[in-house]
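Close look at the chain arrangement
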Amino acid sequence: MMTLHLRRADTSVVLDLPDDRFPVVRHWGPDLGDVSGEDLADATPAQATSLGTNTAWITNDLPILPLAHLGWSARPAVALSRTDGTAFSPHPTAFSHEESSEDTPAGTAHVVRSAGTDPVHRLSLGTELRLEPCGLVRLRAWVRDDRPESDGERGADLVVGELTPVLPLPDSADELLDTTGHHVQERRLVRTPFTPGTRLRESWEGRPGHDAVTWLAAGPTGFGWRSGRVHGVHVAWSGNVRHLAMNPASGRKLLGAGELLLPGEVSLAPGQTYTSPWTVFSWGEGLDTLAHRSHAWLRSRPAHPSRPRPVLLNTWEAVYFDHDLDKLKALADAAAQVGIERYVLDDGWFGSRRDDTSGLGDWQVSPEAWPDGLEPLVEHVHSLGMEFGLWFEPEMINVDSELARAHPEWILSDGAGGAPEHRHQRVLDLTAPGAWDYLFDAISALVERLDIAYLKWDHNSPLLAAGHEVADPTAGRQGAAAVHDQTLAVYRLLDALHERFPSLEIESCAGGGGRIDLGIMERTQRVWASDCIDAHDRQNIQRGTTLLLPPELVGTHVGSGRAHTTLRDLDLDFRAGTALWGHMGVEWDLTEADEPTRERLASIIALHKDLRGLLHSGVTVHADLSDDDMLRIEGVVAPDSSDALFEIASLGQLLVWPTAPRPLPGLDPSRRYHVRLAAPTYPELSLAAGWMAEGVTLPGSYLTTTGLALPVLHPDHLVLLRVSAVN
Ligand code: DGJ
């Protein structure tokens, strides 16, 4: 048996490649140094399957696809069976393993492909494990029905229940962290003790959802942003998903994730293969490092935006469905005046869509709302030097629409009426013959005609009781569950639009942050993190979202003084200072804002433009603080540590004040830094902290440990600190 030692980005993965099973992971975590696989082969026993075995020829090492026939008595990684009930316990025997190196845009990845055949049940299983240059481990599995395609007696098809690869955790992991939430409150961090049993987080709504897990992470109790060895799992898939952390009675703890398939959703005919989405694993000393790996991964995508993120204005909270050319032109004037670079017309421009009850699916400009078409607005926007973006919700349909009247059979259902409507909408079956082409043609025609730079791609309704009403000749089966096919069809649509319009940018929005995952991120350039743009709540939402995504991919908007979703009144400096970190935008009727307000907004947008090179390429860091989570010190440090921006934000009254000095994390301890206030100085801000008036120069070693005396911050206020290396 061969043992491999793979190393990338401070990460080692040690793998046994046995003849009788899939790879066995002996180590996944910190770099072990220059030591060969052979030297490690005898060092430690690997993860054991749950039961001992009386069979001398079988070892009890646990592979990345644990199966019952190996003596594993907990949840197996593979669930399948034939329609006649056989093949319920796949038993692959003859294994091959193939190791290679592959060039990627970010460097060389280590790849191990393994396959095993099960001649008794006439199927094969396989895995692909990749250690990426950024230290992420990506793992996927496949199953193939090995009956010959020519088999006249077709017999029983192979129904796939799940493929959920796992990796082992260190025993010190006794606390779990993931995210949950709901519409307007996405990605709140949740900690739970890692007790015996399984923490199972699933999405059954045809997308990861507003309560998506983001990362399911495990570490020693109290692990923080900067310390505590933490391992996490995320599945790169935009349909139904399953994440689990297992703490079985048999010993070592495991993390796993995969697609959640609905009953009968994937059924293989002779020769057909199901390949799971990528299950992505990250680790770090603290959550910051865990997040850096997915940030680095996303930044290495060929389609990662390479030009500065244009500051945008979105019309939704400014006018909602009330589309009036003069008003929207005046809004464009006000936007250009404060430095906006992209103008996005939201919902309400098409068909009979004057509110959310009708017209969805009719992707033709409404002659009622826009008698001269969108051209007069688009020309005005372009004449002001801004790009134009447009809202679509391609997968959704109002029953009250021309499209639904023409093609009722294009609507996903369970054959008996389906689930209740959400926001008066139902879901279009993108695999129904003609549906995908209709969307591609309708969207392409508008992109071409209006020179659209950006699509806001919304997705408000969950996919519940969603089956094919008609059979697609190649993929869909009438009456069968359709989320898997639908997810692939959406990917194909996004890919085809990018292929046709290479510079087109697409935002993934799903009633805010309901579809944020590494699968959709292969094909989109921004996410709308939440419909809540209240900066107080956004502090949490953005912190949770940047656990997975780098800030430049996260849409962050400045809203009006009173937040529409919470009715909270907040100062402009706090609103804009919170929005400044991501892909910044404004979503507010600026025609109603007075001149001093617009000037202040313009100055913070100018500051953002000045800083976005740093903000959108740097390393995101968070201080570990114990102030009831009311005080936040977060920042972005340039990759060479020469420059940084920090935010010190208060989200409520602290129990103690004045506080002890607090650290600025992530700086180079061997350098000296000048720290100064970058913005804002609101009138009530006490400059009591002596260094604030002139700034101060201190060693990085001091700033990252002892840190700075803080100004007295009022609840829902923040200050920004620019930190520049002087040596
Ligand atoms: C939900 C989105 O999240 C909002 O930003 C907006 O686009 C509305 N849909 C429009 O209906």
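Residues numbered from 1 in each chain as written. Predicted model: local features only at pLDDT ≥ 70, side-chain atom pairs only at ≥ 80, totals over all residues. Heavy atoms only, no water.

As annotated in an unreviewed UniProt entry, the chain is alpha-galactosidase from Actinomyces johnsonii F0542. Turning to the chain, the UniProt annotation filed under Catalytic activity (unreviewed entry) states: "Hydrolysis of terminal, non-reducing alpha-D-galactose residues in alpha-D-galactosides, including galactose oligosaccharides, galactomannans and galactolipids." (UniProt positions renumbered as here; feature names shortened; annotations may be inferred.)

1. Focus: the pattern of salt bridges
According to the stated counting rule, one finds 51 salt bridges in the structure shown. Where Arg515 meets Glu395, a salt bridge forms, and the shortest distance between an N and an O atom there is 2.8 Å. Remark: Glu395 occurs in the loop between β23 (387-392) and β24 (396-398) and Arg515 occurs in the loop between β27 (505-508) and β28 (526-528); sequence separation between them is 120 residues. The residues Arg515 and Glu395 share a single accessibility class, namely buried. Residue Asp569 is joined to Arg562 by a salt bridge in which the shortest nitrogen-to-oxygen separation is 3.0 Å. Members of the salt-bridge network, linked through shared partners, are Glu102, Arg113, Glu128, Arg130, Glu132, Arg138 and Arg140. (Salt bridge = Lys/Arg side-chain N within 4 Å of Asp/Glu carboxyl O. Helix = DSSP H or I, 4+ residues; strand = E, 2+ residues; numbered from the N terminus. Buried < 20%, exposed > 50% of the residue type's maximum accessible area, 1.4 Å probe, protein only.)

2. Topic: helix α10 (residues 572-579)
Counting buried positions along α10 gives eight out of eight residues, so the element sits mostly inside the fold. Buried within α10 are the following residues: Leu572, Asp573, Phe574, Arg575, Ala576, Gly577, Thr578 and Ala579. Taken together, the buried residues of α10 touch α9 (535-545), β29 (554-558), β30 (583-586), α11 (595-615), β33 (643-650) and β36 (717-725). (Contact = heavy atoms within 4.5 Å.)

3. Describing the sheet that holds strand β9 (residues 158-163)
Remark on secondary structure: sheet strands pair via backbone hydrogen bonds, oriented parallel or antiparallel. Taken in spatial order, the three strands make up an open sheet running β4-β9-β18, and their pairing is antiparallel. At either end of the open sheet lies a strand with only one pairing partner, and these are β4 (78-82) and β18 (266-268). Sheet twist, expressed as the mean angle between neighbouring strand axes with direction ignored, is 30°. Taken together, the five bridges between β4 and β9 define a ladder with antiparallel strand orientation. For Ser81, the partnering residue across the bridge sits in β9 and is Val159. (Pairing = 2+ DSSP bridges. Axes fitted to C-alpha atoms, helices over the stretch in contact; angles between N-to-C directions.)

4. Focus on helix α7 (residues 435-450)
Helix length check: α7, at 16 residues, gives a terminal C-alpha distance of 23 Å against a target of 22 Å (1.5 Å per residue), a fit within 8%. Looking at α7, one finds that the buried residues are Ala435, Trp436, Tyr438, Leu439, Phe440, Ala442, Ile443, Ser444, Leu446, Val447 and Leu450. In this structure, the buried residues of α7 make contact with α5 (375-383), β23, α6 (402-406), β26 (454-457) and α8 (483-500). Phi for Asp451, located one or two positions after α7, is positive at around 55°. (Expected span 1.5 Å × (residues − 1).)

5. Let's talk about the pairing of β30
Neither face of β30 is open: one carries His583 and Gly585, the other Met584 and Val586, and all of them are buried. Direction of pairing for strand β21 (residues 312-314) relative to β30: parallel, over a ladder of two bridges. Bridge pairing links Leu312 to Gly585 in β30. In the sheet, β29 pairs with β30 via four bridges, with the strands oriented parallel. Along β30, the bridge assignment pairs Gly555 with His583.

6. Looking at the domain arrangement of the chain
You can read the domains of the chain as domain 1 (62-300) and domain 2 (620-726). Relative placement of domain 1 and domain 2: their C-alpha centres are 39 Å apart. Taken together, both faces of the contact between domain 1 and domain 2 bury some 550 Å²; the carbon and sulfur share is 46%. If you sort the residues of domain 1 by the area they bury against domain 2, Trp225, Arg226 and Asp288 come out on top, with a joint share of 72%. (Domains from an automatic or database assignment. Buried area = accessible area lost by both parts, 1.4 Å probe.)

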